[in-house]
Amino acid sequence: MNRFEGKSVLVTGGSSGIGLAAAQAFAAEGARVIITGRDTAALVQAKATLGARSIAIRNDAGAIADAKELAAALASQDILLDVVFINAGSARFAPFAEVDEAMWEQGFGTNVKGAYFQLQALLPRLNAGASIVLNGSINAHIGMPNSSVYAASKAALISLAKTLSAELLPRGVRVNVVSPGPISTPLYGKLGLDAAALETTAAQIQSQVPLGRFGTPQELASTVLHLAAPESAFIVGSEIVVDGGMSQL
């Protein structure tokens, strides 16, 4: 299929995990893909897998100045976007009593403020009929201990999809959310846990998934493409949960 032939797609946090899987899936269907990330080496490596037409831009998803610079970089190349996948995020977990201001600022700064002002900066670069997909999380729904900051930030994104949908519909722009459950990505190695604690945590999470396994980045990417594609033109302000039944059964 070539649902995105001739389209330009931006994937934030596109150098690894879910973002890279989505970028690869968009490229496979004909899109020119722009990815962002903070790790220059990872961006170079990811770009090599996406082909010569792809563009990699170093960008801090939580910095408003970087959001404006990204929009300016696209404008300098006369790039108008048909799809934006806001995937870049931060995940830190701690008991409520141990959460400090720095952890709060990092979580909300990247997951909410960063996403909000990135989209604001990109508004002039969106084609009529563009699709925006936000990467949420089932943590916004399940009340998992130690996830208060992360879960609240993802709940904010789900709310944002609805309010922005109402505001942007006159421009023909749709906003939706894909909310993953446990997905096998490098994110789990960035939770601040040692190897033993990480293994224990992963086993505990997996035991709660009715399908008995973690999902793959490719499985989530297929849902992102579905929400961004023309066949989903009647899906607006909605959330699709991809979690192996963890929050549903």
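Quick note: structure is the one above.
Please read these numbers as outputs of a predicted model, since none were measured by experiment.

With respect to helix 2 (residues 40-50)
At step 1: Within the span of helix 2, buried status applies to A42, L43, A46 and L50. Each buried residue of helix 2 lies within a common arc of 100° when the element is viewed along its axis, so the set occupies one face. Exposed side chains of helix 2 directed beyond 90 degrees from the buried face belong to A41, V44, Q45 and A48.
At step 2: Where helix 2 is buried, its residues meet helix 1 (17-28), strand 2 (32-37) and strand 3 (55-58).
At step 3: The opening residue of helix 2, the one whose side-chain oxygen lies 3.1 Å from the backbone nitrogen of A41, is D39.
At step 4: After helix 2 finishes, the residue G51 shows a positive phi value of roughly 100°.

Quick notes on the pairing of strand 5 (residues 126-135)
Walk down a regular strand and you will see the side chains alternate between the two sheet faces.
At step 1: Burial within strand 5 is extensive, with seven of its 10 residues counted as buried.
At step 2: Where strand 4 (residues 81-86) lies against strand 5, five bridges are found, and the strand directions are parallel. The residue bridging L81 from the neighbouring strand is L126, located in strand 5.
At step 3: Tracing the backbone out of strand 4, into helix 4 (residues 101-122) and back to the parallel element strand 5 gives a crossover that is right-handed.
At step 4: Bridge count for strand 5 against strand 6 (residues 174-180) is five bridges, and the pairing is parallel. In the strand pairing of strand 6, V133 is matched with N176.

Thoughts on the environment of L43
At step 1: If you trace the backbone, L43 turns up in helix 2.
At step 2: Separated by 120 residues in the primary sequence, L43 and T163 place their C-alpha atoms 32 Å from one another.
At step 3: Leave out the neighbours within four places in its chain, and L43 touches S15, I35, T36, G37, A56, I57 and R58.

Details of the sheet that holds strand 3
At step 1: In space, the seven strands of this open sheet follow the order 3-2-1-4-5-6-7, with parallel pairing throughout. The strands lining the two open edges of the sheet, one partner per strand, are strand 3 and strand 7 (239-242). The average undirected angle you get between the axes of adjacent strands in this sheet is 15°.
At step 2: Seen against the sheet, helix 4 touches strand 1 (8-11), strand 4 and strand 5 and runs at an angle of roughly 170° to strand 4.

What counts and how
- Residues numbered from 1 in each chain as written.
- Predicted model: local features only at pLDDT ≥ 70, side-chain atom pairs only at ≥ 80, totals over all residues.
- Heavy atoms only, no water.
- Buried < 20%, exposed > 50% of the residue type's maximum accessible area, 1.4 Å probe, protein only.
- Helix = DSSP H or I, 4+ residues; strand = E, 2+ residues; numbered from the N terminus.
- Arc of directions from axis to C-beta.
- Contact = heavy atoms within 4.5 Å.
- Polar contact = N/O pair within 3.5 Å; in protein donor to acceptor, adjacent residues only side chain to side chain.
- Pairing = 2+ DSSP bridges.
- Right-handed = clockwise from strand over helix to strand, strands pointing away.
- Axes fitted to C-alpha atoms, helices over the stretch in contact; angles between N-to-C directions.

The values reported here are purely geometric and, on their own, carry no functional implication.
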